[in-house]
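# Architecture and fold: a report
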Amino acid sequence: MFEHELTDLFEKKLLRQPVVIESSDGPRITVNGKHLVLMCSNDYLGLAGHPALRAAAADAMARYGFGAGASRLVSGSSMAHEELEYRLCRFKQTEAAILYNSGYAANTGIIPAIAGEADIILSDNLNHASIIDGCRLSKARLAVYRHRDMNDLEGLLKKSGNARRRLIVTDGVFSMDGDIAPLPDLVTLSERFDALLMVDDAHATGVLGMHGRGTAEHFGLEGRVPIQMGTFSKAFGSFGAYAAGSHDLIKLLMNRSRSFMYSTALPPAVCAASRAAIDLVEHEPERRVKLWKNRERLVSGLERFGIGSENSDTPIIPLVIGSAEKTIAAARRLFEHGIYVTAIRPPSVAEGAARLRITLMATHADDDIDAASKALGECRQEGLL
Ligand SMILES: *Cc1c(COP(=O)(O)O)cnc(C)c1O
């Protein structure tokens, strides 16, 4: 029945299937019995396997059991959920916070809760798929501005006069390119045009800013981004997501977000692990320091082989190849060299912009990074990059 569509995907080299990680110890993994260095995980600080997260989850499981049993507003709200929300707003230095079951659920819950038919959403054209889906669900008028192009955004804001509410939404760190949103200009424009500003800090939380508080901290703009969304699934090594902001915003989200209201709450053990992760992010800044050192080491290693890292400013390093087929070939060659990086293809990126998307972790050793540079250098010599 679906043969035609599947064959089409296969022929275009766009058919995907998960690779099974048979075992892992930080960035050292086994796939098909082969030992590899993992270089495409979002577990930036290496917290996913940390003993403190395991212990917190085990403790919570002993206390609460596993499943939450209902949505938060029915009977699924435990002390573990409340404690995490409280801990998170202390970390983010906002009045309040609300949990969501994933980053995807957060964006598809937050955006339709604050923007509707009478409103306009201004969205960067490289925003994450979950933002795009949130915009679609909202039924608001959508104005997409060119990636990080503030002149384009300003032009669209000038034409938005008849909208009830204006919402500007952006990734803090763009997930496929590793560049950072121009937050100072976004804040200025949002204030000038009386627009709400929402930042998705999925890749920035735990990574950007002196204390890992994200894009607003990185630019010294805390307090001027009214809607901050982020996840526990990346640098925090856990699962789930949040929105942080004013009391009123959070109260509204709690009463309007369908993904919050009509979905079973996160397992309490997951919340406990996330809380342990915030403690580590806050109290062990050396992980963040090492992550950025590792990034510098890879970037300079690649430069020696004449490989540039595009516009990346973060531990996400995209190497854009173009065709899906060539990207798969390069990923396969890296695999043979003991480096695991997936080929990122459309629709995750634009047509003709397939790439290797390397991500660094604080737990990579210098040798891991040097091995990756060397393997990529060989790919370059073989014409694969
Ligand atoms: C990963 C990601 C999400 C989704 O988060 P999950 O917790 O994995 O659902 C949302 N936004 C951005 C920018 C992301 O990179």
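Note that the structure is predicted; figures quoted are calculated from it, not measured.

The rules behind the values
- Residues numbered from 1 in each chain as written.
- Predicted model: local features only at pLDDT ≥ 70, side-chain atom pairs only at ≥ 80, totals over all residues.
- Heavy atoms only, no water.
- Buried < 20%, exposed > 50% of the residue type's maximum accessible area, 1.4 Å probe, protein only.
- Helix = DSSP H or I, 4+ residues; strand = E, 2+ residues; numbered from the N terminus.
- Pairing = 2+ DSSP bridges.
- Near = heavy atom within 4 Å.
- Polar contact = N/O pair within 3.5 Å; in protein donor to acceptor, adjacent residues only side chain to side chain.
- Areas by Shrake-Rupley, 256 points an atom, 1.4 Å probe, with all protein chains shown as cover.
- Nonpolar A, V, L, I, M, F, W, Y, C, P; charged D, E, K, R; others polar.
- Phe/Tyr/Trp six-rings, centres within 6.5 Å; stacked < 30°, edge-to-face > 60°.
- Axes fitted to C-alpha atoms, helices over the stretch in contact; angles between N-to-C directions.
- Left-handed = near helix turned anticlockwise from the far one by under 90°.
- Contact = heavy atoms within 4.5 Å.
- Core = buried A, V, L, I, M, F, W, Y, C linked by side-chain atoms within 4.5 Å.
- Domains from an automatic or database assignment.
- Salt bridge = Lys/Arg side-chain N within 4 Å of Asp/Glu carboxyl O.
- Buried area = accessible area lost by both parts, 1.4 Å probe.

## Some words on the pairing of strand β10 (residues 241-245)
Within a regular strand, the side chains alternate between the two sheet faces. Burial of β10 is extensive: five of the five residues sit out of reach of the surface. Neither face of β10 is left uncovered, since the one carrying Ala241, Ala243 and Gly245 and the one carrying Tyr242 and Ala244 both have all their residues buried. Bridging between strand β4 (residues 96-100) and β10 involves five bridges; their strand directions are antiparallel. Bridged to Ala97 within β10 is Ala244. Of the strand pairs in this sheet, strand β9 (residues 227-231) and β10 are connected by four bridges, and their pairing is antiparallel. Bridging from a neighbouring strand, Thr231 pairs with Ala241 of β10.

## Here we look at the site of the ligand
Taken together, 14 residues lie around the ligand, and Gly103, Asp200, His203, Ser233 and Lys234 are the ones closest in. Gly103 is positioned such that a nitrogen or oxygen atom in its backbone is 2.8 Å from an oxygen atom of the ligand. Within the side chain of Lys234, a nitrogen or oxygen atom sits 2.6 Å from an oxygen atom of the ligand. Protein chains shield 86% of the accessible area of the ligand, which is 380 Å² for the free molecule. For the shell around the ligand, the leading source of residues is helix α5 (residues 103-114), giving three residues. Grouping the amino acids of the shell around the ligand by side-chain chemistry returns two nonpolar, nine polar and three charged.

## So, the sheet that holds strand β2 (residues 28-31)
Taken in spatial order, the four strands of this open sheet run β1-β2-β3-β12, and their pairing is mixed. Two strands lie at the open edges of the sheet, namely β1 (23-25) and β12 (339-340), each paired on one side alone. Both β1 and β2 contribute to a ladder of three bridges, which runs antiparallel. Paired with Asp25 across the two strands is Arg28, which belongs to β2.

## So, the packing of aromatic side chains
Taken as a whole and judged by the stated rule, the model has five aromatic pairs. Ring plane angle 50° and centroid distance 5.6 Å describe the contact between Phe232 and Phe236, whose orientation is recorded as tilted. Among the residues examined, Phe236 registers a relative accessible area of 0% and is labelled buried. Centre to centre, the rings of Phe335 and Tyr340 are 6.4 Å apart; their planes meet at 80°, and the pair counts as edge-to-face. Within the aromatic cluster, the residues linked to one another by ring pairs are Phe91, Phe232, Phe236 and Tyr242.

## Comments concerning the packing of helix α2 (residues 51-64) against helix α12 (residues 268-283)
Running from amino to carboxyl end, α2 crosses α12 at an angle of 150°, the nearest separation of the two axes being 7 Å. Taken as a pair, α2 and α12 cross one another with a handedness that is right-handed. Facing α2, whose interface residues are Ala52, Leu53, Ala56, Ala57, Ala60, Met61 and Tyr64, α12 presents Pro268, Ala269, Ala272, Ala273, Ala276, Ala277 and Leu280. When the residues that make up the contact of α2 with α12 are grouped by side-chain class, the tally is 14 nonpolar, no polar and no charged.

## Let's talk about the nonpolar core
In terms of nonpolar packing, the biggest core is built from 63 residues, with Met39 and Leu356 touching the most fellow members. Take this core: its biggest share by element is 10 residues, from α12. When we break this core down by domain, the ones giving at least three residues each are domain 1 (3-49 + 285-381) and domain 2 (51-283). Ile110, Ala113, Ile131 and Ala241 belong to the second largest nonpolar core, which has 24 residues in total.

## Some remarks on the side chain of Ser71
Structurally, Ser71 can be placed in the loop between α2 and α3 (72-76). There is a polar contact of 3.5 Å between the side chain of Ser71 and the backbone oxygen of Met261. The residues contacting Ser71, other than those within four sequence positions of it, are Gly76, Ser77, Phe260, Met261, Ser263, Thr264 and Ala265.

## Structural notes on the pattern of salt bridges
A complete count under the given rule lists 25 salt bridges for this structure. Between Asp177 and Arg355 there is a salt bridge whose closest N-O contact spans 3.2 Å. Linking Asp177 in the loop between β7 (166-171) and α8 (183-192) with Arg355 in strand β14 (residues 354-359), this pair joins segments that are 178 residues apart in sequence. Here Lys374 makes a salt bridge to Glu378, at a shortest N to O gap of 3.9 Å.

## Let's talk about the domain arrangement of the protein chain
Taken domain by domain, the protein chain holds domain 1 (3-49 + 285-381) and domain 2 (51-283). Each of domain 1 and domain 2 has a C-alpha centre, and these two points are 26 Å apart. The partner domain 2 presents 29 residues to the 24 residues of domain 1 that form the contact. Its largest share of buried area at the contact with domain 2, domain 1 owes to Leu47, Gly49 and Arg288, together 29% of the area lost on that side. Between domain 1 and domain 2 we count one salt bridge in total. Summed over the shared surface of domain 1 and domain 2, the result is 12 residue pairs in polar contact (both at pLDDT 80 or more). Where the side of domain 1 that touches domain 2 is concerned, the elements lending two or more residues are α13 (286-304), β11 (316-322) and β14. Among the elements that take part in the side of domain 1 that touches domain 2, α13 stands out by supplying four residues, more than any other. Across the side of domain 1 that touches domain 2, the residue classes tally to 12 nonpolar, six polar and six charged.

## Observations regarding the sheet that holds β14
In spatial order, the strands read β11-β14-β13; together these three strands make up an open sheet with antiparallel pairing. Each end of this open sheet is capped by a strand with a single partner; those strands are β11 and β13 (343-344). In this sheet, β14 lies alongside β11 in antiparallel orientation, the contact comprising six bridges. Directly across from Leu319, in β14, lies its bridge partner Leu356. Packed on one face of the sheet, helix α14 (residues 324-336) meets β11, β13 and β14 and runs near 35° to β14.

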